[in-house]
Each structure stands twice: as structure tokens, then as C-alpha cells.
Amino acid sequence: MVFFFLSLIGLQLKLDNFCGGVFLAPPQKDRLILLKVSNLNVYYHRVIQALRGVSFEISDGEIVSLLGSNGAGKSTALNAISNILSFQNGEISEGKIEFNGTTTFGKSANNLVKLGMAYVREGRKIFSDLTVNENLIAASYALKKTVKKNDFEQVYDLFKPLASRRKEIAGYLSGGEQQMLAFGRALIGNPKLLLMDEPSLGLAPVMVEEIFNIISKINKDLNTTILLVEQNANLAFKFSDYIYIIESGKIVIEGKVDKLQQDSDVQEFYLGVGNKNYKSYRDIKHYKRRKRWLS
């Protein structure tokens, strides 16, 4: 009898998903928006506008890249999200930032770290006079978190070159190893969201590829959502799920990677693919005019 009723329930569930002779797929869960930036306007010294109505969002578990040229506003966006603009005479004049359903306004950078946000800034910013291990210990102080052996071993398992150099002075590490250490410090708190500003900057090409493989591993193995600012567009496209392109403080193009890779303007201006055999000054003017349309 129990089996009979269970069979009826199963049949009813199938009928509920049956429409017009076609079985419908069960409804999917709404994606969790981990970070939402809405209409963000940022000024420096109350005069220079760096961001102009920037809006974007990141779902839990994604790698999202913010691409653009120097001075486009990429780093400003990260600094606004992590609430450190005031250290650079910057301020948000308008807009809203929500992290994991909570507004970031009024929260210090330290509090955002405790909520699960970590920031690997451009230039690594490690403590060069401390050892590798001491750098990791210093990172745990901001979290007011008891240092556990597993916290360190997770970092050393992920960044093998650091494991054998844990007692060495960080300033003597190679550029790639210092970048790994910067990643490791950020990961001590097991953040939900990891902000990365130009992780490939100043690294040898072979190390750049390795760093991006590590970024992918952090995302997949640790289930860490990543917002990446990067000028190496080809690598960003290779490892990201979604791309936003910013020019002159505005988001001008966005989309999933496979879609943007087919866009002729993106191919020409950001991926280095396209017709660059300009035969006259008129052709060059046309190129610049199209570029201004993007920005």
C-alpha cells in the first residue's frame, strides 16, 4: 500500500512537469548574488570622477573579470568595494554596494574581512622583513582568529614552493613566490569573496600561467568567488565565467566569455584580433572613432 501511494506521488510530480506533450525540466534554484554594485560614482579629491554609474554583480562560485586600460577605473572599483578609498582621498558620491546581502557602507575594511571578503592588492604588499610563516600569522590577526595548523597547511598545500621556504624572509622570495604569499595571506580567513588586482603584474610569462592556474584552483577547490582585475585580456577570458569591460569609468560591454569572444569590437580592441592593416590616415581616424564609441 505504501509503495502504491509513493508511486502515485511520483506520477503526480511527473505530470506537474508535463506541458503540451513535453516534459519540462524541474525549476532551477535562483543563483545567489554574492556581490552587487549599483550605480556607483566615485570621486577623488571631490573633483576627479573615476567611476560613472558603474553597476555589476557576481554570483556565488564565479570568476568574474573586470577588464580595461590603465586609468579606466578598475582598481578604483576594487578599492570602493573593499572600503579603502578614503586612504587615497577618494569617496563614493552615489551608489550602493551589497556583499552577501549586507550593505558595505559604514563598515571598515577590517569588518569586511571578518564578513568574508579578502583583497590581494596590486604590487603584492607583503611584509618583506617578516618570514613567510610570520606573514600568514599577521594575516590572522586582522580576523582575530586563532591560528591553527590546518590554516597554514592549506596554504602550503596550495602553494608548494612556499612550503619549503616558510622560515625564509619574504623579501628574498621571487616575484611569483611573493604573489603566492599574497594569495596565501588572503586565504587564511577562508574568504567567500577574493578581490585580485593585477595578479600577473611584473611576472615572467611562465609564472603568469601558473598563477592563473592557481586562481582557478582556488575557485574550484575552495569554492571561493573571485573578482579579478587584469590587463592580460586573453588569460582573463580563458579563466573567467563572466566579463565586464570598463572604459573611462563606465561599464561599456559585459557578457559571458563565449559570447564576448565572438564580438568583433572585443576581438579587435581587447584580444588583439582583427584588421589592423590601416592604409591611410582616414582609416586610423575611423579606428579611433570606433574606440571612442566603446568608451
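These numbers come from a predicted model, not from an experiment.

S.K.: Sorry, what's going on with the overall build of the protein chain here?
M.R.: If you tally the helices and strands in the protein chain, you get 12 helices and 12 strands. Across the protein chain, the fraction of contacts at a sequence separation of at least 24, relative to all contacts at a separation of at least 6, is 69%.

S.K.: I would appreciate a short explanation of the sheet that holds strand S6 (residues 90-99) in the present structure.
M.R.: The strands that make up a sheet pair up through hydrogen bonds in the backbone, lying either parallel or antiparallel. Spatially, four strands are ordered S4-S3-S6-S7 in an open sheet, and the strand pairing comes out antiparallel. Edge positions in the open sheet fall to strand S4 (48-59) and strand S7 (102-103), since each of these has one partner strand only. Both strand S3 (residues 33-44) and S4 contribute to a ladder of eight bridges, which runs antiparallel. Note on S4: the bridge partner recorded for Val 37 is Phe 56. Packed on one face of the sheet, helix H2 (residues 74-81) meets S3, S4 and S6 and runs near 115° to S3.

S.K.: Could you clarify how one ought to interpret the pairing of strand S9 (residues 193-197) in this entry?
M.R.: In the case of a regular strand, side chains alternate between the two sheet surfaces. Across the five residues that make up S9, a large majority, five, are buried. With five bridges joining them, S9 and strand S10 (residues 225-229) adopt parallel strand pairing. Directly across from Asp 197, in S10, lies its bridge partner Val 229. Note on the crossover from S9 through helix H8 (residues 205-221) to S10: the handedness is right-handed.

S.K.: Looking at this structure, how should I read the environment of Glu 62?
M.R.: Along the chain, Glu 62 turns up in the loop between S4 and strand S5 (63-67). Under the relative-accessibility criterion, Glu 62 is labelled buried at 18%. Distance from Glu 62 to Ile 226, taken between C-alpha atoms, is 6.4 Å for residues 164 residues apart in sequence. Ignoring sequence-local partners within four residues, the contact set of Glu 62 consists of Arg 31, Asn 219, Thr 224, Thr 225, Ile 226 and Asp 241. There is a polar contact of 3.0 Å between the side chain of Glu 62 and the backbone nitrogen of Ser 59.

S.K.: Explain the nonpolar core here, please?
M.R.: Across soluble globular proteins, you tend to see nonpolar side chains buried next to one another. One finds Phe 159, Phe 183, Leu 194, Met 196, Ile 215 and Ile 218 to be the most contacted residues of the largest nonpolar core, which totals 37 residues. Broken down by secondary-structure element, the contributors of at least two residues to this core are strand S8 (117-120), helix H4 (132-143), helix H5 (149-158), helix H7 (175-187), S9, H8, S10 and helix H9 (233-239). Both domains that meet at this core, namely domain 1 (30-116 + 195-278) and domain 2 (127-190), each give it at least three residues. Apart from the residues within four sequence positions on either side, Ile 218 is in contact with Leu 158, Phe 159, Phe 183, Leu 187, Leu 194, Met 196, Asn 223, Thr 224 and Ile 226.

S.K.: What's the story with the confidence of the model for the protein chain in this structure? I'm lost.
M.R.: Atomic detail in the predicted coordinates should be set aside for any region of low pLDDT. The pLDDT averaged across the protein chain works out to 82; a share of 80% of its residues lies at or above 70. Below a pLDDT of 50 lies the segment residues 1-28, which in the model reaches six contacts outside its immediate sequence neighbourhood of four places, other chains included. Taken together, the stretch residues 278-289 has pLDDT below 50 and engages in six contacts with residues farther than four places along the chain or on a different chain.

S.K.: What exactly am I supposed to notice about the pairing of S3 here?
M.R.: Between S3 and S4, which pair antiparallel in sequence order, lie three residues; one of them, His 45, sits at a positive phi of approximately 55°. For S3 and S6, the ladder comprises eight bridges, and the chain directions are antiparallel. Within the sheet, the bridge partner assigned to Asn 41 lies in S6 and is Glu 94.

Parameters at a glance
Residues numbered from 1 in each chain as written. Predicted model: local features only at pLDDT ≥ 70, side-chain atom pairs only at ≥ 80, totals over all residues. Heavy atoms only, no water. Helix = DSSP H or I, 4+ residues; strand = E, 2+ residues; numbered from the N terminus. Contact = heavy atoms within 4.5 Å. Pairing = 2+ DSSP bridges. Axes fitted to C-alpha atoms, helices over the stretch in contact; angles between N-to-C directions. Buried < 20%, exposed > 50% of the residue type's maximum accessible area, 1.4 Å probe, protein only. Right-handed = clockwise from strand over helix to strand, strands pointing away. Polar contact = N/O pair within 3.5 Å; in protein donor to acceptor, adjacent residues only side chain to side chain. Core = buried A, V, L, I, M, F, W, Y, C linked by side-chain atoms within 4.5 Å. Domains from an automatic or database assignment. pLDDT = per-residue confidence, 0-100.

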